[in-house]
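# Remarks on the overall topology
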Amino acid sequence: MSRFEEELKRDKFVCSECSRCKKIVWPPSNYCNKCLNETTWREISRKGKLVEYSYNKGECFGIVEFESQIRIVGTVKGSERPDVGQIMNLEKCDYDGDEIFIFSSTVQRNGSQNS
Ligand SMILES: [Zn+2]
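In short, a report on the structure. (Residues numbered from 1 in each chain as written. Predicted model: local features only at pLDDT ≥ 70, side-chain atom pairs only at ≥ 80, totals over all residues. Heavy atoms only, no water.)

## So, the coordination of the zinc ion
Coordination sphere of the zinc ion, protein contribution only: Cys18 (SG), Cys21 (SG), Cys32 (SG) and Cys35 (SG), at 2.3 to 2.4 Å. The coordination sphere of the zinc ion comprises four donor atoms, whose angles at the metal cover 99 to 122°; the geometry is tetrahedral. Mapping the donors of the zinc ion onto the primary sequence gives the spacing C-x2-C-x10-C-x2-C. (Donors = N, O, S within 2.8 Å, 3.2 Å for Na, K, Ca; no water. Tetrahedral: all angles 85-135°; square planar, octahedral: opposite > 155°, others 65-115°.)

Below, the structure is given as structure tokens:
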């Protein structure tokens, strides 16, 4: 298992970031794919923007962009249709041979949403 997968199993979302140009390197790698410098691991924000979604067999799958740099595919929880552009929360990540990402809407049903 890679470092990335181990962290996912602990419900931690980390990625490699270039120590020189600060680009987040996705998929995770020991070297920057732009300037070839070495990368370091850091935790990524768990809030991202929904770029696209689709339904398959009753399940909703979405692409969420984190830190305006990397796009992750995962399952979108909830019974309501999400809106493209809305902020999603990375509720859970895991690894069981495949990367598992579960997103949920950050909109609170009972009222105030931080903006
Ligand atoms: Zn770089």
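## Points about the sheet that holds strand S3 (residues 39-43)
Spatially, the three strands line up as an open sheet ordered S2-S1-S3, and their pairing is antiparallel. Looking at strand neighbours, the two that pair on one side only are strand S2 (24-25) and S3, the edges of this open sheet. Alignment of strand S1 (residues 14-18) against S3, held across five bridges, turns out to be antiparallel. Bridge assignment links Ser16 to a residue of S3, and that residue is Trp41. (Pairing = 2+ DSSP bridges. Helix = DSSP H or I, 4+ residues; strand = E, 2+ residues; numbered from the N terminus.)

## A word on the packing of aromatic side chains
One pass over the full model with this rule turns up five aromatic pairs. For the pair Phe4 and Trp26, a centre-to-centre distance of 5.4 Å together with 75° between the ring planes defines the contact as edge-to-face. Remark: Trp26 occurs in the loop between S2 and S3 and Phe4 occurs in helix H1 (residues 3-9); sequence separation between them is 22 residues. Here Trp26 falls in the partly exposed class, since its relative accessible area comes to 24%. (Phe/Tyr/Trp six-rings, centres within 6.5 Å; stacked < 30°, edge-to-face > 60°. Buried < 20%, exposed > 50% of the residue type's maximum accessible area, 1.4 Å probe, protein only.)

## Structural notes on the environment of Val51
If you trace the backbone, Val51 turns up in strand S4 (residues 47-56). Remark: the alpha-carbon pair of Val51 and Ser19, spanning 32 residues in sequence, is separated by 27 Å. When residues no more than four places from it in sequence are discounted, the contact partners of Val51 are Ile63, Glu65, Arg71 and Val84. (Contact = heavy atoms within 4.5 Å.)

## Regarding the pairing of strand S8 (residues 99-105)
Taken together, the two bridges between strand S6 (residues 70-76) and S8 define a ladder with parallel strand orientation. If you follow Val76 over to S8, its bridge partner there is Phe103. Judged from the seven bridges that link them, strand S7 (residues 87-95) and S8 form a sheet pairing that is antiparallel. Considered in S8, the bridge of Tyr95 is made with Glu99. If you look at the hairpin formed by S7 and S8, you'll find three residues sitting between the two strands, and Gly97 has a positive phi there, around 105°.

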